[in-house]
Amino acid sequence: MARIDDLLRQMKSQDASDLHLTSGSAPYMRINGEMVKLNYRSVSAETCQSLIYEILTDNQKEMFQERQDVDFSYPLGSVGRFRINVFVQRNGIAAVFRLIPETIQTVKELELPAQLVELIDASEGLILVTGPTGSGKSTTLAALIHAINTEHQKHIITIEDPIEFVHRNERCLINQREVLSHTKSFHTALRAALREDPDIILVGEMRDLETISLAITAAETGHLVFATLHTNSAIKTLDRIIDVFPEGQQAQIRVMLSESLRGVVAQSLLPRIDRVGRVPVVEILMNVPAVANLIREGKSHQIATVMQTSRAHGMVTFESAIYDLIQQGSISREDGMNFLRRRSAGKKYSGGDGQGIRLANNPAQ
């Protein structure tokens, strides 16, 4: 048994999402979104390296020494799997351990919008799940893949770095591939996947032009493709994809994206009103004809207007999602408004003291 296992078990018992182990500091855990310092003495650089190296393979040690950081997964019995990033900082080695639960929760259990199930009921197209690090993208994707696995008969290929949630074959055949362990890169695996008879492809992260181009092509050629990006809104996601390409190719990519996109799910997490756990805040963009036209014409800044008036089509803006969560008593007014301030300081809305909140452009008000 590795010595770090005791801390990982403690992490599970305290319902922490992350453990931070850093040379020159006591360990920290992230609990309900907040960093909590543990009652431990500072960990020396030598001890920290010894604890981390105990769970690295020889290949991972070699990669870390070459690149100064490495990603991998670590299973721990009944506790669960951990996604781990090891890196170097000014005092020495450090690592972040993210707990990946063994049980995959459903869309309903995660309190995600029900229309997400309708979004995935498609045979082809591109579905993007976006948000900052720690916003629950992997958990949402796992729930969507699980929904397909229990309801449809498909061949699913996932390309991840590293593998997080482990899917067992139910009605679907699922092949999970890990970058560097099972394939050289996302785009190498994605190119190969097109020859492996998939119905559905999950791309853990679209990091470069080649991966993005291949994902769009796969979606155009009869596959349902799920992918993630680190953007903080549905509309910014479209701009990010198009801006990756050289200016001379952008018109063509707009056309391809307008035809292949199924929808964009942008999300974040906010504290529950009782401070026990967090609740997802989700923005949904559906690629209805009006949206497709705006993408094709390079007028993504006008998509917000379509979203605000298209709740009947399953669209949700962050503003309306926040309003709904406040009305349901899931989050506080203060947290909801602070979230909107952080993501869109230029928008005008009143009620800065948390009283009598009015959210700009909210169709529900």
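Our subject in this report is the structure included herewith. Keep in mind that what you see is a predicted model, and the values were worked out from it rather than measured.

Along the backbone of the protein there are 13 helices and 13 strands. What you see for the protein is a C-alpha radius of gyration of 21 Å, in line with the 21 Å of a compact globule of 365 residues. Considering only C-alpha atoms, the protein reaches an extent of 60 × 55 × 40 Å along its principal axes. Within the protein, buried positions represent 53% of all 365 residues. When the accessible area of the protein is evaluated, it comes to approximately 17000 Å², of which 45% is carbon and sulfur surface.

Glancing now at the pairing of strand E6 (residues 92-100). Burial within E6 is extensive, with eight of its nine residues counted as buried. In the sheet, strand E1 (residues 16-22) pairs with E6 via five bridges, with the strands oriented antiparallel. Residue pairing across strands places Thr22 opposite Ala94, the latter belonging to E6. Of the pairings in the sheet, the one linking strand E5 (residues 80-89) to E6 comprises nine bridges and is antiparallel in character. Looking at the pairing, Val88 lines up with Ile93 of E6.

Turning our eyes to something else, we now look at the pattern of salt bridges. Per the stated rule, a full pass over the model turns up twelve salt bridges. Its salt-bridge partner being Arg9, residue Asp6 comes within 3.9 Å of it at the nearest N-O pair. Taken together, the positions of Asp6 and Arg9, both in helix H1 (residues 5-13) and three residues apart, correspond to about one turn of that helix. Take Asp6: its relative accessible area is 47%, and that puts it in the partly exposed class. The partner of Asp18 in a salt bridge is Arg98, with the nearest N and O atoms 2.5 Å apart. A residue pair is termed long-range when its members are at least 10 positions apart, and Asp18 in strand E1 and Arg98 in strand E6 qualify at 80 residues. Accessibility expressed as a relative area gives 4% for Asp18, which makes it buried.

Quick look at the environment of Thr103 now. Residue placement: Thr103 occurs in the loop between E6 and helix H4 (115-119). In sequence terms Thr103 and His167 are 64 residues apart; their C-alpha atoms lie 9.5 Å from each other.

Okay, the sheet that holds strand E8 (residues 155-160) next. Within a beta sheet, neighbouring strands are joined by backbone hydrogen bonds and run either parallel or antiparallel to one another. The seven strands lie next to each other as E9-E8-E10-E11-E7-E12-E13, forming an open sheet whose pairing is mixed. Each of the sheet's edge strands pairs with one partner strand only, and the pair in question is strand E9 (173-178) and strand E13 (278-286). In this sheet, adjacent strand axes meet at a mean angle of 15° when their direction is disregarded. Sheet strands touched by helix H9 (residues 247-260): strand E7 (125-130) and strand E12 (261-271). Its angle to E12, the strand with the most contacts, is close to 80°.

In this structure, Thr158 sits in strand E8. The exposure class assigned to Thr158 is buried, which follows from its relative accessible area of 1%. Separated by 42 residues in the primary sequence, Thr158 and Ile200 have C-alpha atoms spaced 8.3 Å apart. Dropping the residues within four chain positions of it, Thr158 is found in contact with Ile174, Asn175, Gln176, Arg177 and Leu202.

Let us now look at the side chain of Thr228. By the element assignment, Thr228 lies in strand E11 (residues 224-229). Looking at Thr228, the relative accessible area reads 5%, which means it is buried. A polar atom in the side chain of Thr228 sits 2.4 Å from the backbone oxygen of Gly204. The residues contacting Thr228, other than those within four sequence positions of it, are Val129, Lys137, Leu141, Val203, Gly204, Glu205 and Met206.

A separate point is the packing of aromatic side chains. Ring pairs (aromatic) are described by centroid distance and by the angle formed between their planes. The full count for this structure, using the stated rule, is two aromatic pairs. An angle of 80° between the planes, with centres 6.3 Å apart, marks the rings of Tyr53 and Phe64 as edge-to-face. Of the two residues, Tyr53 is situated in helix H2 (residues 45-53) and Phe64 in helix H3 (residues 58-67); the sequence distance between them amounts to eleven residues. The class of Tyr53 is buried, set by a relative accessible area of 16%. Plain terms: the ring middles of Phe318 and Phe339 are 5.3 Å apart, the flat faces sit at 75° to each other, and that makes the pair edge-to-face. On the criterion of sequence distance, the pair formed by Phe318 in helix H12 (residues 318-328) and Phe339 in helix H13 (residues 333-343) is long-range, its members being 21 residues apart. Take Phe318 and Phe339: they sit in the same class, and that class is buried.

A few words now on the nonpolar core. In terms of nonpolar packing, the biggest core is built from 79 residues, with Met206, Phe226, Ile241, Leu257, Leu285 and Ile303 touching the most fellow members. Not counting residues up to four positions away in its chain, the partners in contact with Met206 are Leu128, Thr211, Ile212, Ala215, Ala227, Thr228, Leu229 and Ile241. Among the nonpolar cores identified, the runner-up in size contains 31 residues, and Leu7, Ile31, Tyr74 and Val79 belong to it.

Turning our eyes to something else, we now look at the pairing of E5. Where strand E4 (residues 69-76) meets E5, eight bridges bridge the pair, whose relative direction is antiparallel. Residue pairing in the sheet places Val70 in a bridge with Val86 of E5. The antiparallel pairing of E4 with E5 creates a hairpin that spans three residues between the two strands, and Gly77 there sits at a positive phi of about 40°.

Two residues of an α-helix separated by three or four positions point the same way, owing to the 3.6 residues in each turn. Turning to helix H8 (residues 234-244), its buried residues are Ala234, Ile235, Thr237, Leu238, Ile241 and Ile242. Summarising the axial view, the buried residues of H8 lie within an arc of 160°, below the 170-degree limit, and thus occupy one face.

Here is what the cut-offs are and how they apply
- Residues numbered from 1 in each chain as written.
- Predicted model: local features only at pLDDT ≥ 70, side-chain atom pairs only at ≥ 80, totals over all residues.
- Heavy atoms only, no water.
- Helix = DSSP H or I, 4+ residues; strand = E, 2+ residues; numbered from the N terminus.
- Rg over C-alpha atoms; globule rule 2.2 N^0.38 Å.
- Buried < 20%, exposed > 50% of the residue type's maximum accessible area, 1.4 Å probe, protein only.
- Areas by Shrake-Rupley, 256 points an atom, 1.4 Å probe, with all protein chains shown as cover.
- Pairing = 2+ DSSP bridges.
- Salt bridge = Lys/Arg side-chain N within 4 Å of Asp/Glu carboxyl O.
- Axes fitted to C-alpha atoms, helices over the stretch in contact; angles between N-to-C directions.
- Contact = heavy atoms within 4.5 Å.
- Polar contact = N/O pair within 3.5 Å; in protein donor to acceptor, adjacent residues only side chain to side chain.
- Phe/Tyr/Trp six-rings, centres within 6.5 Å; stacked < 30°, edge-to-face > 60°.
- Core = buried A, V, L, I, M, F, W, Y, C linked by side-chain atoms within 4.5 Å.
- Arc of directions from axis to C-beta.

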